[in-house]
Amino acid sequence: MTTLGNRIILLAAFLGAAITSGWLAYSHFSSAPIRCTGDVEWTIGKNRFVGTVSWRMQHREGTAVINGKLFGHVVSEVNRTIYFHYSDHQNARVLNNDRIVKTFADSADEADINATLPGFYRTPGRDLSLMIDEYRGAWLFAASNVPSLYCRKNAP
């Protein structure tokens with residue numbers, strides 16, 4: 001009877017160790033969820049955009065919500081959600097824009113949008129390559145090794 005009891009205890013310990021190590025491996029190798037908000041200001045030519053970008057990324061899918069004021073031919077509001085999927089390539093994430101949903105508050109002129117916002121935020125099917133690293137309790141977004149956004153973490 002003690003041999004059977006020892007085998008059951010050994011089997012239970014082995015299963016517990018296997019489940020724990022599997023969970024640790026999954027949590028270590030899966031990409032960390034990103035939920036953050038950052039302030040942006042883009043000036044291209046005579047046009048300028050001032051606003052916020054909120055990012056949510058997990059399990060190779062994500063959204064970016066961009067809202068603010070666009071100072072072009074006229075002052076207008078930008079308020080849109082960009083849905084995308086992404087893949088990891090070494091230490092970079094390549095985002096591919098699936099669709100853009102404009103809210104009723106988005107009154108921006110298309111000529112001003114095209115002249116000011118990067119293509120990823122205005123045209124479906126566009127790619128954006130970013131390096132995203134944790135830095136001092138926030139996320140640091142960089143394109144071509146140049147930091148472009150300090151994104152404060154949001155609560156999950």
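What counts as what
Residues numbered from 1 in each chain as written. Predicted model: local features only at pLDDT ≥ 70, side-chain atom pairs only at ≥ 80, totals over all residues. Heavy atoms only, no water. 1 Å grid on protein atoms, 1.4 Å probe; cavity = no way out; pocket = protein on both sides within 12 Å on 5 of 7 lines; lining within 4 Å. Points joined across faces, edges and corners; volume = space filled by probe spheres on them. Helix = DSSP H or I, 4+ residues; strand = E, 2+ residues; numbered from the N terminus. Nonpolar A, V, L, I, M, F, W, Y, C, P; charged D, E, K, R; others polar. Pairing = 2+ DSSP bridges. Axes fitted to C-alpha atoms, helices over the stretch in contact; angles between N-to-C directions. Polar contact = N/O pair within 3.5 Å; in protein donor to acceptor, adjacent residues only side chain to side chain.

- The name that an unreviewed UniProt entry assigns to the chain is FidL-like membrane protein, with the source organism given as Enterobacter nematophilus.

## Here we look at the layout of surface pockets
Next up, step 1: Estimated volume of the largest pocket: approximately 190 Å³.
Next up, step 2: Along the walls of the largest pocket sit Val40, Trp42, Val53, Trp55, Pro118, Tyr121, Leu128, Leu130, Phe141, Ala143, Ser148 and Leu149, which together make up its complete lining.
Next up, step 3: If you list the elements that add at least two residues to the lining of the largest pocket, you get strand 1 (34-44), strand 2 (47-58), strand 6 (127-135), strand 7 (138-143) and strand 8 (146-153).
Next up, step 4: Along the lines of polarity and charge, the residues of the lining of the largest pocket split into eleven nonpolar, one polar and no charged.
Next up, step 5: Volume-wise, the second largest pocket comes out at about 160 Å³.
Next up, step 6: Surrounding the second largest pocket, twelve residues form its lining, Asp88, Asn91, Arg93, Ile132 and Asp133 being those nearest its centre.
Next up, step 7: Sort the elements by how many residues they give to the lining of the second largest pocket and strand 6 lands first, with three residues.
Next up, step 8: In the lining of the second largest pocket, the residues fall into five nonpolar, three polar and four charged.

## Looking at unusual backbone geometry
Next up, step 1: In this model, histidine 59 sits at a positive phi of 55°, which is unusual for a non-glycine residue.
Next up, step 2: Relative to the helices and strands, histidine 59 is located in the loop between strand 2 and strand 3 (61-71).
Next up, step 3: Its identity as a non-glycine residue notwithstanding, arginine 60 has a phi of 65°, on the positive side.

## Section: the sheet that holds strand 3
Next up, step 1: The eight strands are arranged 1-2-3-4-5-6-7-8 in a closed barrel whose pairing can be described as antiparallel. Across the sheet, the axes of successive neighbouring strands diverge by a mean angle of 35°, strand direction being ignored.
Next up, step 2: When strand 6 meets strand 7, the two strands line up antiparallel, connected through five bridges. Bridge pairing in strand 7 links isoleucine 132 to phenylalanine 141.

## Description of the side chain of arginine 93
Next up, step 1: Tracing the backbone through its elements, the reader meets arginine 93 in strand 5 (residues 92-102).
Next up, step 2: There is a polar contact of 3.4 Å between the side chain of arginine 93 and the side chain of aspartate 88.

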